[in-house]
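Here are the chains, one letter per residue:
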Amino acid sequence: MEKLKECIICNHKYFNKFIDCKDYFLSEEVFSICECRNCGFKFTNPRPLPDNLPGYYDPNEYLSYTNSKKGFLSSIYQLVKNITIRRKYLAINKLFSTGTILDIGCGTGDFLN
Ligand SMILES: [Zn+2]
């Protein structure tokens, strides 16, 4: 684990613990989310080292990594995903006519596509 000593957005050195979150998906570990006192950015701290990140995702079970429609759960997931992508698209189009989008944790990239 890597303990951050500065906010990655504004480099402020002081933050508060915001909430603890348990990874129910795979690791069962509890992660602390901190909030920067200056800019309000929330981030995992401490955070896993980059080399350890694959251990938090099981590509065979993680539906966000697949476009498979095999099985009932995958079919439902794809249906709901398409509905939410359409809703996000319409909501963003109401607010912005031009611009660039950064989608963090974009799975298969279907929303950006
Ligand atoms: Zn900050």
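These remarks concern the structure in this document. (Residues numbered from 1 in each chain as written. Predicted model: local features only at pLDDT ≥ 70, side-chain atom pairs only at ≥ 80, totals over all residues. Heavy atoms only, no water.)

1. A short note on the coordination of the zinc ion
Here is step 1: Every protein donor of the zinc ion is accounted for by C7 (SG), C10 (SG), C36 (SG) and C39 (SG), and the metal-donor separations fall at 2.3 to 2.4 Å.
Here is step 2: Read in sequence order, the donor residues coordinating the zinc ion give the pattern C-x2-C-x25-C-x2-C.
Here is step 3: Judged by relative accessible area, C7 falls into the buried class, the value being 0%. (Donors = N, O, S within 2.8 Å, 3.2 Å for Na, K, Ca; no water. Buried < 20%, exposed > 50% of the residue type's maximum accessible area, 1.4 Å probe, protein only.)

2. Notes on a nonpolar patch on the surface
Here is step 1: The grouping of F72, I76 and V80 at the surface amounts to a nonpolar patch, some 310 Å² of accessible area in total.
Here is step 2: Looking at the element boundaries, V80 is found in helix α1 (residues 72-95).
Here is step 3: Its relative accessible area of 44% is what places V80 among the partly exposed residues. (Patch = residues over 30% accessible without salt bridge, like charges linked within 9 Å, V, L, I, M, F, W, Y side chains within 5 Å. Areas by Shrake-Rupley, 256 points an atom, 1.4 Å probe, with all protein chains shown as cover. Salt bridge = Lys/Arg side-chain N within 4 Å of Asp/Glu carboxyl O. Helix = DSSP H or I, 4+ residues; strand = E, 2+ residues; numbered from the N terminus.)

3. Quick notes on the side chain of K81
Here is step 1: Among the structural elements, K81 can be located in helix α1.
Here is step 2: Judged by its relative accessible area of 12%, K81 falls in the buried class.
Here is step 3: A polar contact of 2.3 Å, which involves the side chain of K81, links it to the side chain of D110.
Here is step 4: Each residue touching K81, except ones within four places of it in the same chain, is listed here: T66, N67, T108 and D110. (Polar contact = N/O pair within 3.5 Å; in protein donor to acceptor, adjacent residues only side chain to side chain. Contact = heavy atoms within 4.5 Å.)

4. Looking at the nonpolar core
It is characteristic of soluble globular proteins that their nonpolar side chains tend to be buried jointly.
Here is step 1: L4, C7, F15, C34, C36 and F43 form the largest nonpolar core, which has six residues in total.
Here is step 2: Apart from the residues lying within four places of it in its own chain, the contact partners of F43 are L4, C7, F15, S32, I33, C34 and C36. (Core = buried A, V, L, I, M, F, W, Y, C linked by side-chain atoms within 4.5 Å.)

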